[in-house]
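# A look at the structure
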Amino acid sequence: MDFRLLVIATLSAVLGGSWAQQEGSVCIKANAQSCGECIQVAESCGWCTDEDFLTTGESKSARCDDLESLKKRNCAKIENPRGSYTIDRDKPVTNRKKDGTEKLKPEQITQIQPQKLTLTLRSGEPQTFDLKFKRAEDYPIDLYYLMDLSFSMRDDLENVKNLGTDLMKEMQEITSDFRIGFGSFVEKTVMPYISTTPARLINPCTGNENCTSPFSYKNVLKLTDKGDEFNRLVSQQQISGNLDSPEGGFDAIMQVAVCEEQIGWRNVTRLLVFSTDAGFHFAGDGKLGGIVLPNDGKCHLENNVYTMSHYYDYPSIAHLVQKLSDNNIQTIFAVTEAFQPVYMELKNLIPKSAVGTLSSNSSNVIKLIIDAYNSLSSEVILENGRLPEGVSISYKSLCKNGVEGTGENGRKCSNISIGDEVSFKISIESQKCPAQGKSETIKIKPLGFTEEVEVVLNFICDCDCAAHGVPGSDRCYNGTFECGACKCTEGRIGRECECSKDEVRTEDLDANCRKDNGTDICSNNGDCVCGTCECKKRDNPEEIYSGKYCECDNFNCDRSNNKLCGGHGRCECRKCICDANYTGSACDCSLETSTCLAKNGQLCNGRGDCECGICKCTNPQFQGPTCEICPTCPGVCTEYKECVHCLAFESDEKEDKCKDCKLKIIRVKDRDKLPQPTDQSFPLTHCKERDASDCWFYFTFAIRNGTKEVYVVETLECADGPDIVPIVAGVVAGIVLIGLALLLIWKLLMIIHDRREFAKFEKEKMNAKWDTGENPIYKSAVTTVVNPKYEGK
């Protein structure tokens, strides 16, 4: 059955089923047995609570359908609860000036609005609310400087010793409430990271260098607003040393993040400056020193020193990201140029972090911190806590200068200056109801800020009408009557919960589902449930099987013009019930006769019958929609030509020749006086005909008030006879001219021939050569013979 439904759904989509139908099919295919199940299928699904809504053969799940379909099926009461949201705490963002007389505490400053909302979610229906963020002016800042005190950083320490007072002066331009702290780190105090020989544990440096004992992390100065105190304590610090190149900075960052009380963090902007000239160890590297326990992410400071570096492994990057985010700490990595690429990759993994290039001796550290802070604070990125199962969230940002962002870009706005206000549209949608249907709470906050928005989620898991259900009702054998239908207890089935699931199919019950004791159960269009046919549902909600044996449907009636019942009726139990003025098996025969009226007001021009609004011409000569066209019939001009000529121009012979002509003749002087079609309110025909004398006459023909009315131009247009003399003279002249032309041609040809013959004679004469000295036929009488023996002696 699932495969057949899939095929039907595919064909429906290919044939162009509407979106409403597709949504309706979702509601129908869900086979919801209660109102609560129905409203969780899709936003467009509703449940009809009318008690007499279902027809014979329809299953209880037919009450669940898309809203438009339920209205078309004349459901009066539709259960369709909608989601909503309310704002519980909406304190406006703070408009505060740095030079103002009023000094607000950090908890009195508001940068995000609203602060708390309650959303009521229905499955598939998103709820959207606006969130506003504004960077407050003169917002307090806590900055903790965490420095690598390995031997390679000895020249950097000198420049950091005066950092406190110098940084205080620079930060006065940003905020009047600034605090600074200091901490240092080297490495885990086990091999192979440091040398554990007694001498090296006292002084890890070689040569004449005097270094302090190695340590993992030390909190030197808790956050304070006294820059001089910072300078004094930092001046007392000494460089230490270790064996390998990477440092144990991740251990120090973790302790700075989680030891809020020891560090002295306030709920303000928290900055952590991490200064080093080397790489870092991370989770797994502790195995080199025999340390395999994962970092627990808890504070282990005793006397401001990290005491568990030899016990717990380095934290992973993901673990650090979580703790920094949870504690709203923004990190600035101040590293040398050689390691900048490494820390740039790390920055991409840690939200709200920045990387600055530290000079070889840290002389530019103040400028680096100021630039990094401005970069971090100019961008706001929203994040949310863990979402309940089935709940999704999407963001759309509305930033400065009309810039909008969606998807991942919808979470953030950049280039925000102090005092700028940006907003976000946040949509939260639930795809299903939680198992217990209880409320959930999620938090939304901008990264690096302590303020957050609390969103309480309530879920619509059942209809309002379910609260008025009647358990043990007489209408239900084993169930609760609610929302117009029986909601069966576990293990029961049927419209009235009359059957157990174990006895759904038996031969006795199936016999009640066979029409006329046939072999087909429910006409192969339904399922036999508890001896009653429940008809199958189709993807198209407009198409319904019905009847006691599902033998009826409303989509297998005759069609016309590819429309069910021709579009002029409704299909009931495979027969068309036609609208008024229509008849026929497909309601394709119109009883309207207005389409058959000819121009003369007669049905089919009196030459046919009007059938289904179309003329069937009885005279084969006539055709057309109203039997007015006759291709072989003479026109009115030809038909009335003789009568018009007789009445208008043969007055002497009227009585004999024109006695059968029943025309009203009206004479006019010229053609301009004839009536025009635009001047009349009745059909008018213009005619031009020729009489026996080859003369033209003009008239118009019209029928007005039953009278054949003819307007005739009283003057005939006859052609003038030909002039004989010019014609004869022209013919004679033509013959003479032709004869002369022929003689001239003959004479010219003879002259040409004679000249050619004379030229030929002259040529032959020139070529002849006559010998006049000797007669060519004379022969001498003397014969001379030469003696061959004669030698001339």
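For the structure, see preceding data.
Residues numbered from 1 in each chain as written. Predicted model: local features only at pLDDT ≥ 70, side-chain atom pairs only at ≥ 80, totals over all residues. Heavy atoms only, no water.

### Describing the pattern of salt bridges
- Applying the stated criterion across every chain, the model contains 24 salt bridges.
- Salt-bridge contacts for Lys188 lead to Asp251; the nearest nitrogen and oxygen are separated by 2.8 Å. You can see Lys188 sitting in the loop between β9 (178-185) and α7 (198-202) and its partner Asp251 sitting in helix α9 (residues 249-258), a full 63 residues away along the chain.
- Assessed through its relative accessible area of 1%, Asp251 is described here as buried. (Salt bridge = Lys/Arg side-chain N within 4 Å of Asp/Glu carboxyl O. Helix = DSSP H or I, 4+ residues; strand = E, 2+ residues; numbered from the N terminus. Buried < 20%, exposed > 50% of the residue type's maximum accessible area, 1.4 Å probe, protein only.)

### Let's talk about the nonpolar core
- If you look at the biggest cluster of nonpolar residues, it comprises 38 residues, and the most contacted ones within it are Leu143, Tyr145, Met147, Leu163, Leu167, Phe178 and Phe182.
- In terms of residue count, the dominant contributor to this core is helix α13 (residues 365-377) (8 residues).
- If we skip the residues at most four places from it in the chain, Met147 touches Met153, Asp156, Leu157, Val160, Phe182, Gly183, Ser184, Phe185 and Ser275.
- Grouped together as the second largest cluster of nonpolar side chains are 31 residues, Tyr144, Tyr217, Phe250 and Phe333 included. (Core = buried A, V, L, I, M, F, W, Y, C linked by side-chain atoms within 4.5 Å. Contact = heavy atoms within 4.5 Å.)

### A look at the state of the cysteines
- Scanning all chains against the criterion turns up 25 disulfides.
- One disulfide in the model links Cys695 with Cys718; its S-S distance is 1.7 Å. The sign of the 115 degrees torsion about the S-S bond sets the Cys695-Cys718 disulfide as right-handed. Taken together, the positions of Cys695 in strand β42 (residues 695-704) and Cys718 in strand β44 (residues 717-718) put the pair 23 residues apart, joining distant regions of the chain.
- Residue class for Cys695 comes out buried when judged on its relative accessible area of 5%. (Disulfide = S-S within 2.5 Å.)

### Topic: the packing of α9 against helix α11 (residues 317-326)
- The contact between α9 and α11 brings their axes to 9 Å, and the two run at 25 degrees. The pairing of α9 with α11 is recorded here as roughly parallel in orientation. As for how α9 packs across α11, the hand of that crossing is left-handed. For the pair α9 and α11, contact is made by Phe250, Ile253, Met254, Ala257 and Val258 and by Ile317, His319, Leu320, Lys323 and Leu324, respectively.
- Broken down by class, the residue content of the contact of α9 with α11 amounts to 8 nonpolar, 1 polar and 1 charged. (Axes fitted to C-alpha atoms, helices over the stretch in contact; angles between N-to-C directions. Parallel < 35°, antiparallel > 145°, perpendicular 65-115°, else oblique. Left-handed = near helix turned anticlockwise from the far one by under 90°. Nonpolar A, V, L, I, M, F, W, Y, C, P; charged D, E, K, R; others polar.)

### Let's talk about the packing of helix α6 (residues 163-171) against α13
- Running from N to C, α6 and α13 point in directions that differ by 40 degrees, and their axes come no closer than 10 Å. The orientation of α6 relative to α13 falls into the category oblique. The hand of the α6/α13 crossing is right-handed. Contacts from Leu163, Asp166, Leu167, Glu170 and Met171 of α6 reach α13 at Val365, Ile366, Ile369 and Ile370.
- Looking at the contact of α6 with α13 residue by residue, the classes come out as 7 nonpolar, no polar and 2 charged.

### Considering the sheet that holds strand β16 (residues 380-384)
- Read across the open sheet, the 6 strands follow the order β4-β6-β22-β21-β16-β19; overall the sheet is mixed. The two strands at the open ends of the sheet, each matched to only one other strand, are β4 (84-89) and β19 (412-413).
- Where β4 meets strand β6 (residues 116-121), 5 bridges bridge the pair, whose relative direction is antiparallel. When the bridges of β6 are listed, Ser84 appears paired with Thr120. (Pairing = 2+ DSSP bridges.)

### Comments concerning the sheet that holds strand β23 (residues 470-471)
- As summarised here, the arrangement of the 3 strands in space is β23-β24-β25, forming an open sheet in which the pairing is antiparallel. Strands with a single pairing partner mark the edges of an open sheet, and in this sheet they are β23 and β25 (485-488).
- Pairing between strand β24 (residues 479-482) and β25: 4 bridges, direction antiparallel. Its bridge partner lying in β25, Gly479 is registered against Cys488.

### Thoughts on α9
- Counting buried positions along α9 gives 10 out of 10 residues, so the element sits mostly inside the fold.
- All of the buried residues in α9 are Gly249, Phe250, Asp251, Ala252, Ile253, Met254, Gln255, Val256, Ala257 and Val258.

### What about a nonpolar patch on the surface?
- Together, Ile724, Ile727, Val728, Val731, Val732, Ile735, Val736, Leu737, Leu740 and Leu743 line one region of the surface with nonpolar side chains, adding up to about 960 Å² of accessible area.
- Mapped onto the elements, Leu737 comes out in helix α18 (residues 724-767).
- The class for Leu737 is exposed, based on a relative accessible area of 56%. (Patch = residues over 30% accessible without salt bridge, like charges linked within 9 Å, V, L, I, M, F, W, Y side chains within 5 Å. Areas by Shrake-Rupley, 256 points an atom, 1.4 Å probe, with all protein chains shown as cover.)

### As for the packing of aromatic side chains
- A full pass over the atoms with the stated rule returns 18 aromatic pairs.
- Where Tyr311 meets Tyr312, the ring centres are 5.0 Å apart and the plane angle is 85 degrees; that geometry is what we call edge-to-face.
- Residue Tyr311 is classed as partly exposed on the basis of its relative accessible area of 41%.
- The class for Tyr312 is buried, based on a relative accessible area of 14%. (Phe/Tyr/Trp six-rings, centres within 6.5 Å; stacked < 30°, edge-to-face > 60°.)

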